[in-house]
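Report on the structure
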Amino acid sequence: MASGTGIFFDGKSSARLEVNVEATPTALRIQSADGALLAEWPYAELQHLGGPEGLLRLGRRRNPVLARLEIHDPALAAIIDQHATTIDRTGAT
């Protein structure tokens with residue numbers, strides 16, 4: 001299990017939350033700085049959202065709330081890429 005930090009937008013407010021992100025074997029766990037679980041997104045439901053170079057921006061497919069997660073750490077982004085077959089940042093698909 002890998003972990004790192006990210007920026008989470010809950011889709012309900014414009015608040016930018018610094019969060020801890022855990023890449024578990026089946027899902028991303030997004031936790032607040034105090035450890036509260038904010039979201040758990042299965043890899044099969046992740047959607048890659050456009051963003052600048054060096055940023056992995058994710059949402060959850062078919063989510064009625066426009067929540068998103070931004071990962072700046074290249075090592076954590078690479079682990080998420082490996083787990084989430086719905087994401088292809090290479091442009092191959």
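Below is a summary of the structure that appears in this document. As the structure is a computational prediction, the values presented were derived from the model and not from experiment.

Within the largest apolar cluster, 21 residues are counted, with the highest numbers of intra-cluster contacts made by Leu28, Trp41, Leu46, Leu69 and Ile80. Mapped onto this core, the elements with two or more residues apiece are β1 (2-9), β2 (17-23), β3 (27-31), β4 (37-42), β6 (56-60), β7 (68-71) and α1 (74-83). Beyond its immediate chain neighbours, meaning those up to four positions away, Trp41 contacts Phe8, Ala27, Leu28, Ile30, Leu46, Leu58, Gly59, Arg60, Ala67, Arg68 and Leu69.

The next subject is the pattern of salt bridges. Going through the model one piece at a time under the given rule, you end up with five salt bridges. Ionic pairing is found between Glu22 and Arg29, a salt bridge with its closest N-O pair at 3.9 Å. Residue Glu22 is classed as buried on the basis of its relative accessible area, which comes to 19%. Notably, a salt bridge pairs Glu70 with Arg68, separated by 3.7 Å at the nearest N-O pair. In this structure, a network of salt bridges that share partners links the residues Glu22, Arg29 and Glu40.

Moving on: the packing of aromatic side chains. For any pair of aromatic rings, the description rests on two quantities: the centre-to-centre distance and the angle between the ring planes. Per the stated rule, a full pass over the model turns up one aromatic pair. Above the ring of Phe9, the side-chain terminus of Arg68 is found at 3.9 Å from the ring centroid.

The rules we used
Residues numbered from 1 in each chain as written. Predicted model: local features only at pLDDT ≥ 70, side-chain atom pairs only at ≥ 80, totals over all residues. Heavy atoms only, no water. Core = buried A, V, L, I, M, F, W, Y, C linked by side-chain atoms within 4.5 Å. Buried < 20%, exposed > 50% of the residue type's maximum accessible area, 1.4 Å probe, protein only. Helix = DSSP H or I, 4+ residues; strand = E, 2+ residues; numbered from the N terminus. Contact = heavy atoms within 4.5 Å. Salt bridge = Lys/Arg side-chain N within 4 Å of Asp/Glu carboxyl O. Phe/Tyr/Trp six-rings, centres within 6.5 Å; stacked < 30°, edge-to-face > 60°. Lys NZ or Arg CZ within 6 Å of the ring centre and 35° of its normal.

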